[in-house]
Every structure is written in structure tokens, then in C-alpha cells.
Amino acid sequence: MATERHNKPQPPSTSYWAITKLMIPIWISNLAIVGGGTIDTVMAGHYGATQLAGVAVGEAITISVYVAISGIMQGLSPIVGHHFGAGEHYRIGEELHQSIWISLVLSIIGIAILAQTSTWMGITKSTGEVAHVATLYLIFSCFGIPSGLAGRAYSALNSAVSRPKIAMFISLILLVFKAPLNYVLMDGFGPLPALGGAGCALSTTILDIATFFMFWAIWHYDPFYERMKQKAVVWPKKSIILKQLRVGIPIGVSSFFEVTSFTFMTMLISRLGAEIVGGHQIIATLATLVFMLPMSIAISGTVLVSQSLGAGDPQSARMATYRTLKMGISLAIVTSILMYHYKYPIVSLFTNDQEVIAAAISLIGLACIYHVFDATNSISAFALRGYLITVVPMVIYAVLLWCFGLGLGSILCFTDILSSRPLGAVGYWTSITIGLTISGLIVGSLAIYVTNQVCLGKKIRIK
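Quantities reported herein were computed from a predicted structural model and do not represent experimental measurements.

Scoring rules and cut-offs
- Residues numbered from 1 in each chain as written.
- Predicted model: local features only at pLDDT ≥ 70, side-chain atom pairs only at ≥ 80, totals over all residues.
- Heavy atoms only, no water.
- Helix = DSSP H or I, 4+ residues; strand = E, 2+ residues; numbered from the N terminus.
- Rg over C-alpha atoms; globule rule 2.2 N^0.38 Å.
- Buried < 20%, exposed > 50% of the residue type's maximum accessible area, 1.4 Å probe, protein only.
- Contact = heavy atoms within 4.5 Å.
- Areas by Shrake-Rupley, 256 points an atom, 1.4 Å probe, with all protein chains shown as cover.
- Salt bridge = Lys/Arg side-chain N within 4 Å of Asp/Glu carboxyl O.
- Phe/Tyr/Trp six-rings, centres within 6.5 Å; stacked < 30°, edge-to-face > 60°.
- Lys NZ or Arg CZ within 6 Å of the ring centre and 35° of its normal.
- Arc of directions from axis to C-beta.
- Axes fitted to C-alpha atoms, helices over the stretch in contact; angles between N-to-C directions.
- Parallel < 35°, antiparallel > 145°, perpendicular 65-115°, else oblique.
- Left-handed = near helix turned anticlockwise from the far one by under 90°.
- Nonpolar A, V, L, I, M, F, W, Y, C, P; charged D, E, K, R; others polar.
- Patch = residues over 30% accessible without salt bridge, like charges linked within 9 Å, V, L, I, M, F, W, Y side chains within 5 Å.

Caption draft 1: Expanded view of the overall build of the protein chain. When helices and strands are tallied, the protein chain shows 17 helices and 0 strands. For 463 residues, the compact-globule estimate of 2.2 N^0.38 gives 23 Å, and the C-alpha radius of gyration of the protein chain, at 22 Å, lies within 12% of that figure. In terms of its C-alpha atoms, the protein chain occupies a principal-axis envelope of roughly 65 × 55 × 35 Å. Counting the 463 residues in the protein chain, one finds 58% classified as buried. Across the protein chain, contacts joining residues at least 24 apart in sequence account for 82% of those joining residues at least 6 apart. Surface accessibility of the protein chain: about 18,900 Å² in total, with carbon and sulfur atoms responsible for 69%.

The structure is reproduced here in C-alpha cells:
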């Protein structure tokens, strides 16, 4: 260990090729994860608008809760990146153990919130078969939270030490089983009852448990991690846990604001009818799917910035920030153009219901604009995480995505105060796109300011 500490650390390569090599496995992994959700939407859509609406409501609630608590786990990634960049491998295993302790507490909180099914059905005003499907969806999702959170800790660590291919291979293996498992649980097989749309949640839970055990086995048996392991279980350490929470809690809250600006739209739009919420769900799923590319670039940015700073090279961190921004925004613009041009065949892949298709088509133009600034937001915020700055983006998201996006959206959707008539789902998408545009410009400018100041040797007091 002494030798390891005194070796001069080398910063990572921040070339476009290095970013691409790091980003591609993360992107494939994220696509596989979101692909599971896309499979759920497509399969539920072909069971009818009611099943699709039930899955949409259940998924919206589950994601709202899960993203907030799993986002807290992301405090591990930049911290491990700093240790890895500094060559302090012996500290990484200790950080992982503390993250697992955090995941256990967060699991209890997440299950307690998600299990309030009657409250959630009241908030969304879901009734009948939609409420039945959504309620079962929430119950099945509760069982997957502990393994999902613990698996997130291993995934964050693997990315931080430049080994994203581990998560990629695991995600691809599990994606292969998603549709067949859905089919068995949704249709029933032998003694297994037909669960309809709720079977999507049970299959996700089963695969989350399998994911955790695969991550655990790789950590314990792959020689690469030997230098990082602790010799025994590390019991909770207040100082390490508090540091992870100081970084992670604002990330979790930011993720909550960002994702729930989407999912709460789904819950509120569900009051407009199954066809409207079905169209919204298709566009939300599509937006999430294409977002995985800039999200993967953003995660790569966090890794390279934190490793560069750990190695004592702020110039490399600056190059990582600038290059991930240029790369991500350019690709987002191209994606949006293609998505809009091919909107009819893309939407038709999800459903045959003409009313649902019409509802989706009315939203896709706004979703294209949203995507460009969603990419700007995420890449900038993730770069700031490498500098351990997480509080300010959280505040910006709270104001612009919730107060502005959802607040103004509710007015535009349900009233004619600011428009000639209630705009329905278009009202929410309009307000959230405006909010995200302003947020992207502010957070992007902040990321550029911070990286330039650090390169000049100035201390940053932003948190």
C-alpha cells in the first residue's frame, strides 16, 4: 500500500476516442436497461390501452421513488474516481462497503414509500382496471429495491474505475430474458396466474436480484479488484458515510426533480384518459431511450473529470468537460432531427391504436427540443459532480423543472388562464421544455465557469 500511495498518479486520456471507448459500454448498458422498460411499454401496449395506462402509472410512481434513492448512491462514483485517479486503490473497497450500508437504509425508506398503494392511486385518480394493474406493479416493485440499490453501488464503482463493460455484459444478458419472462408472467404458465401488465414489474424484480448476484460474484472473484478489497467487512463509518451523503443526497434530489418532472406529468395526465396517457407514455419512453446516449457521455465525463482531479491535473478535467459537452450536444441535435423526421413509423412501433398514435405525434416536436437541452443539462451536471459540486444544480432543477415546469404545466394543461383553451398533455410538455432549456443554459454555463476557474488555480466555493 505504501508503494501504491507514493507512485506518481497519471491522469486519464481525455481524447474524443478515449471518451468514446468509455462511453460505448455505458451506452449499451443503459440502452439494455431502458430497453427493458421499452419492452414493457410495447408488450403492455399490445394488451390494450387500459393495461398500458396501468403500467404507465405504476412505472411512473416506481421510477419517481427509485430514482431519488438510487441517485443518492451515485455519490460513490466521483469519490471512487478521485481515489482511482490518485492511485489510492486501497480506499475503494472501504467506500463500497459504506455504500452498501447506505443502500440498506435507503431500501427500507423506498419500500415504505412505494407500498402506500392506496395513497398513490388517490394522487393519480386511477380507478378500475388501471388502478388494479398499477397497484400490483407497485407491490412487485417493492421486492426489487434492495437488490437494485446494492447493484447500483457496484455499477457506480465499475464505471469510476473505467470498467463499464462489466455492467454492459450483465445488462445485455438480462435483456435477453426480459421479453420471455414478461410473456410468462403476463400470460401465465402452468400454475402461474396471468398478471397482465403487472407481470412487467415482477420480471424486473427477478432480474434486479440476478443483477446484484452477478455484480457481487465479479467483485469477489475477479483479480482486478483484489487491490481494492478490504480484508474483512467494514462496519458503518460515520465520516465516510457522511461524505458520500453530502455528495449523493443533492444528486438524488436532482435526479428526483428531473425524473419526476416526467413521471408526475404521467400521473397528472392520467386524469385525461387512457389514450392521452398512452400517447404521453410512448413519447416519454422514446425520450428516455434516446437520452441514454448523452447520459452515457455524461457518466464518462464524471469519471474522467474525477480521475483527472484525483491525479492532480485540472487541465485534463477541463478538456473532459469541454469535449463531452461538444460531443453530447452535437449527437443530441442529430438524434432530434432523425426522431422528428421519422416520427410516424417510430410511434407506430409502440401501438396500433390510432388515438394513442395521434396523441403521441402531437408531443414529439416538443420532445425533440427537450432532448437537446436535456443532454446539455445532464452532461454539465455530471461534469460538476466530478468537481464534487452537486447542491447548486439541485436548486436549479427544483426551481425550473418543478416550480416552473410542473407548476406552469398544470395551468396550461387543465385551465384556460394563459391560453384560449386547456392544452392537455401539450401544456405540460411545453412548460417542461421551456424550464429545461433555461436550466441547460444555466448549468452548462456554470460547468464551463467552474472548470476554467479550477484551471486558473482559484478555489471554488460552490457546492
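Having seen the model, we can carry on.
Caption draft 2: Focus on the pattern of salt bridges. One pass over the full model with this rule turns up 5 salt bridges. Put simply, Arg91 and Glu88 hold a salt bridge, and the shortest N to O gap is 3.3 Å. Close ionic contact of Glu94 with Lys237 constitutes a salt bridge, the shortest N to O distance being 2.5 Å. Here Glu94, found in helix α5 (residues 92-114), pairs with Lys237, found in the loop between α10 (199-221) and α11 (238-269); they are 143 residues apart in sequence, far enough to count as distant. You can call Glu94 buried: its relative accessible area is 16%. Owing to a relative accessible area of 37%, Lys237 belongs among the partly exposed residues under this scheme.

Caption draft 3: Main features of the side chain of Gln307. On the secondary structure map, Gln307 appears in helix α12 (residues 274-310). Residues contacting Gln307, with those up to four places away along its chain left out, are Pro12, Gly81, Phe84, Gly85, Ala160, Val161 and Ser162.

Caption draft 4: Spatial organisation of the environment of Val454. Position of Val454 relative to the elements: it lies in helix α17 (residues 425-455). The contact partners of Val454, leaving out residues within four places of it in the chain, are Leu309, Pro314, Tyr387 and Ile460.

Caption draft 5: Representation of the packing of aromatic side chains within the structure. For the structure shown, the criterion picks out 13 aromatic pairs. Taking 5.6 Å as the distance between ring centres and 45° as the angle between the ring planes, the aromatic pair formed by Phe256 and Trp402 counts as tilted. One end of the pair, Phe256, is in helix α11; the other, Trp402, is in helix α16 (residues 391-414), and 146 residues separate them in sequence. Here Phe257 and Trp402 contribute two aromatic rings whose centre-to-centre distance is 5.5 Å and whose plane-to-plane angle is 70°, an arrangement assigned as edge-to-face. On the criterion of sequence distance, the pair formed by Phe257 in helix α11 and Trp402 in helix α16 is long-range, its members being 145 residues apart. Members of the aromatic cluster, joined through ring pairs, are Tyr154, Phe212, Phe213, Phe215, Trp219, Phe224 and Tyr225. The aromatic ring of Phe224 is capped on one face by Arg163, whose charged end is 4.3 Å from the ring centroid. Over the face of the ring belonging to Phe224 we find Arg227, whose NZ or CZ atom lies 4.9 Å from the ring centre.

Caption draft 6: A look at helix α6 (residues 117-124). Looking at α6, one finds that the buried residues are Thr117, Trp120, Met121 and Thr124. Mapping the buried residues of α6 onto a view down its axis gives an arc of 100°, with all of them on the same face. Following α6 by one or two positions, Lys125 has its phi on the positive side, about 55°.

Caption draft 7: View of the packing of α5 against helix α8 (residues 145-160). Two elements in contact, α5 and α8, have axes separated by 8 Å at closest approach and are oriented at 150°. In terms of their interaxial angle, α5 and α8 are classed as roughly antiparallel. As for how α5 packs across α8, the hand of that crossing is right-handed. In contact with Ile92, Leu96, Ser99, Ile100, Ser103, Leu106, Ser107, Gly110, Ile111 and Leu114 of α5, α8 contributes Ile145, Pro146, Leu149, Ala150, Ala153, Tyr154 and Leu157. Considering only residue class, the contact of α5 with α8 consists of 13 nonpolar, 4 polar and no charged.

Caption draft 8: Geometry of the environment of Ile218. Mapped onto the elements, Ile218 comes out in helix α10. On a C-alpha basis, the gap between Ile218 and Ile166 in space is 8.4 Å, while along the polypeptide they are 52 residues apart. With sequence-adjacent residues up to four places away left out, Ile218 is seen in contact with Ile166, Ile170 and Tyr225.

Caption draft 9: Looking closely at a nonpolar patch on the surface. A grouping of Phe169, Leu172, Ile173, Val176 and Phe177 is seen on the molecular surface, where their side chains present a nonpolar patch of about 490 Å² in accessible area. Position of Leu172 relative to the elements: it lies in helix α9 (residues 165-187). Assessed through its relative accessible area of 34%, Leu172 is described here as partly exposed.

Caption draft 10: Representation of the packing of helix α13 (residues 314-341) against α17 within the structure. With their axes 8 Å apart at the nearest point, α13 and α17 run at an angle of 160° to one another. By the angle between their directions, the pair α13 and α17 is classed as roughly antiparallel. Between α13 and α17 lies a crossing whose hand is left-handed. Contact with α13, carried on its side by Pro314, Gln315, Ala317, Arg318, Thr321, Tyr322 and Leu325, involves Ala447, Ile448, Thr451, Asn452, Val454 and Cys455 of α17 and no other residues of that element.

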